[in-house]
Amino acid sequence: FNQMVEALQAKEMVIRENHEQLESRIQTRTEELEKAMDNALAANKAKTEFLANMSHELRTPMNGFLGMLELVLDSQLQQEQREQLLTAQRSAHALLAILNDILDLSKIESGRMQLENVPFVIRTHLRDCVRPHQVKAQQNTVDLRLRVDEAMPEMLVGDPLRLKQILNNLLSNAVKFTSAGYVEVRVGLEPGTTPSQKMLCIVVRDTGAGIPAEKLPQIFDKFTQADGSISRRFGGSGLGLAITKHLVDLF
């Protein structure tokens, strides 16, 4: 009996030591995970601030570069010189668009993106959004249509700049990837959260190739495109739809 008691006591001591060691390991591991998480958050914050600062600093000389190109294009030039400068201008605008996307993304990730609530003329705003895409649509022999519900009021309250950004991103993709047929923008009103409130509903529909069903969950991820060859064929950073989703969520 005494031997059994001693054996039980020995086992209890071993179990207690193992338990203490396990608790110590768990605590150490927890501290390591917390430290790793803090480091990851700090690195993400530093990355966001770096992107915001760099994109802002790069936009300043880029705007000056575009301004000088505009001045030179207004002067007397040979046809070959004009074509070369127009190519440089298009490339500069494409680079500026990427910088703007990076700046917007960094603002969204840092929580500094805020929407305005100002009155604006909705139909004029929509036409101004659609008009710049008409040339590209005509080059692709695509019919670009705008359909606005007759019940739409003249004035709405919201953020016209961000609304334009959302529509521009959707239209740019639709026109870019539609080689025949049409791209249609339908705008109407839907019931809001209260009986007196109405919400703006914008639908962009096209006859392009579409997106495979298995790719749909990823198209709103940052730096992601449905087809890896898209960036080589059409360009783009893969930020447009990610920013669009964030902006829609903010609305």
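For the structure itself, consult the block above.
Numbers given for residues are sequential positions, taken from 1 along each chain in its written order. Reporting in this predicted model follows two pLDDT cut-offs: at least 70 for local features of residues, and 80 or more for side-chain atom pairs to be given and counted; totals over whole chains, interfaces and linings ignore these cut-offs and use all residues. No hydrogens and no water enter the side-chain calculation; it runs on all heavy atoms of the structure.

Summing up its helical and strand segments, the protein has 7 helices and 5 strands in all. Starting at the N terminus, helices and strands are each numbered in turn, a helix being any DSSP run of H or I of at least four residues and a strand any DSSP run of E of at least two. Moving toward the C terminus, one meets the helices and strands of the protein in the order α-α-β-α-α-β-β-α-β-β-α-α. Note on method: radius of gyration uses C-alpha positions; expected globular size equals 2.2 Å times residues raised to 0.38. Computed over the C-alpha atoms, the radius of gyration of the protein is 28 Å, more than 25% above the 18 Å expected from 2.2 N^0.38 for a compact globule of 251 residues. For the protein, the C-alpha atoms occupy an extent of roughly 105 × 55 × 35 Å along the three principal directions. Looking at the protein as a whole, 24% of its 251 residues qualify as buried. Whether two residues are in contact is decided by their heavy atoms: any pair within 4.5 Å suffices. The long-range fraction of contacts in the protein, counting pairs at least 24 apart against all pairs at least 6 apart in sequence, stands at 69%. Each accessible area is a Shrake-Rupley result for a 1.4 Å probe, and residues are judged covered by the shown protein chains and nothing else. Carbon together with sulfur atoms contributes 55% to the accessible area of the protein, which is approximately 17,200 Å² in total. Three labels apply to residues, based on accessible area from a 1.4 Å probe with only protein chains included: buried if under 20% of the type maximum, exposed if over 50%, partly exposed otherwise in between.

Turning our attention to the sheet that holds strand 2 (residues 142–148). The 3 strands are arranged 2-4-5 in an open sheet whose pairing can be described as mixed. Lying at the two open borders of the sheet, with one neighbouring strand each, are strand 2 and strand 5 (198–206). Taken pair by pair, the neighbouring strands of this sheet meet at an average axis angle of 15°, ignoring direction. With 9 bridges connecting them, strand 4 (residues 181–191) and strand 5 associate as antiparallel partners. Each residue of the ladder has a partner; that of L189, found in strand 5, is L200. In this analysis an axis means a line fitted to C-alpha atoms, helices contributing only their contacting stretch, and an angle means the value between N-to-C directions, from 0 to 180 degrees. Helix 5 (residues 160–176) rests against strand 2, strand 4 and strand 5 of the sheet, and its axis sits at about 15° to strand 5. Strands are labelled as partners when DSSP assigns at least two bridges between them.

Here helix 3 (residues 122–130) crosses helix 5 at 40°, and the two axes come no closer than 10 Å. Classified by the angle their axes make, helix 3 and helix 5 are oblique. Like other packed secondary-structure pairs, helix 3 and helix 5 cross with a definite hand, here right-handed. Here I122, H125, L126, C129 and V130 of helix 3 lie close against helix 5, whose contacting residues are P160, L163, K164, L167, N168 and L171. Classes in brief: Ala, Val, Leu, Ile, Met, Phe, Trp, Tyr, Cys and Pro nonpolar; Asp, Glu, Lys and Arg charged; the others, Gly included, polar. Here the residues of the contact of helix 3 with helix 5 are counted per class, giving 8 nonpolar, 2 polar and 1 charged. An angle below 35 degrees is read as roughly parallel, one above 145 as roughly antiparallel, one from 65 to 115 as roughly perpendicular, and any other as oblique. Each helix crossing is assigned a hand: it is left-handed if the near helix lies turned anticlockwise from the far helix by less than a right angle, otherwise right-handed if that turn is clockwise.

Another point: the pairing of strand 4. Pairing of strand 2 with strand 4 involves 7 bridges; the strand directions are parallel. Pairing of V148 across the sheet is with V187, part of strand 4. The turn linking strand 4 back onto strand 5 is made up of 6 residues.

So, on to the pattern of salt bridges. We define a salt bridge as a contact between a side-chain nitrogen of Lys or Arg and a carboxyl oxygen of Asp or Glu at a distance within 4 Å. According to the stated counting rule, one finds 7 salt bridges in the structure shown. Note that R131 is salt-bridged to D128, the shortest N-O span being 3.0 Å. Close ionic contact of D249 with K245 constitutes a salt bridge, the shortest N to O distance being 3.2 Å. Taken together, the residues D249 and K245, both in helix 7 (residues 240–250) and 4 residues apart, mark about one turn of the helix. In this structure, a network of salt bridges that share partners links the residues D143, R145, E184 and R186.

A word on the packing of helix 5 against helix 7. The contact between helix 5 and helix 7 brings their axes to 10 Å, and the two run at 145°. In this structure, helix 5 meets helix 7 at a crossing whose hand is left-handed. Touching R162, Q165, I166, N169, L170 and N173 of helix 5 are G240, L241, I243, T244, L247 and V248, all from helix 7. Its residues assigned to classes, the contact of helix 5 with helix 7 shows 6 nonpolar, 5 polar and 1 charged.

For Phe, Tyr and Trp, where Trp contributes only its six-membered ring, two rings pair if their centres lie within 6.5 Å, and the inter-plane angle classes them as stacked under 30 degrees, edge-to-face over 60, or tilted in between. Here the structure, examined in full by the defined rule, presents 0 aromatic pairs. Across the ring face of Y182, the terminal group of R145 is positioned such that the distance to the ring centre comes to 4.2 Å. A ring has a charge above it when a Lys NZ or an Arg CZ is no more than 6 Å from the ring centre and no more than 35 degrees off the ring normal.

In this text, buried Ala, Val, Leu, Ile, Met, Phe, Trp, Tyr and Cys residues form a nonpolar core when linked through side-chain atoms within 4.5 Å. Membership of the largest hydrophobic core comes to 18 residues, with the highest contact counts inside it found for I122, L144, L167, L171 and V183. Sorting the residues of this core by element identifies helix 3, strand 2, helix 5 and strand 4 as the ones contributing at least two each. Among the elements that take part in this core, helix 5 stands out by supplying 5 residues, more than any other. If we ignore the near neighbours within four places in the chain, the residues touching V183 are V142, D143, L144, R145, L171, A174, V175, T178, V204, R205 and D206. L105, M113, L239 and I243 belong to the second-largest nonpolar core, a separate cluster that totals 7 residues.

On the surface, a cluster of nonpolar side chains totalling about 280 Å² of accessible area is made up of F50, M54 and L58. Mapped onto the fold, F50 is located in helix 1 (residues 2–73). A patch is a set of surface residues, each over 30% in relative accessible area and not in a salt bridge, joined within 9 Å for like charges and within 5 Å for the nonpolar side chains Val, Leu, Ile, Met, Phe, Trp and Tyr.

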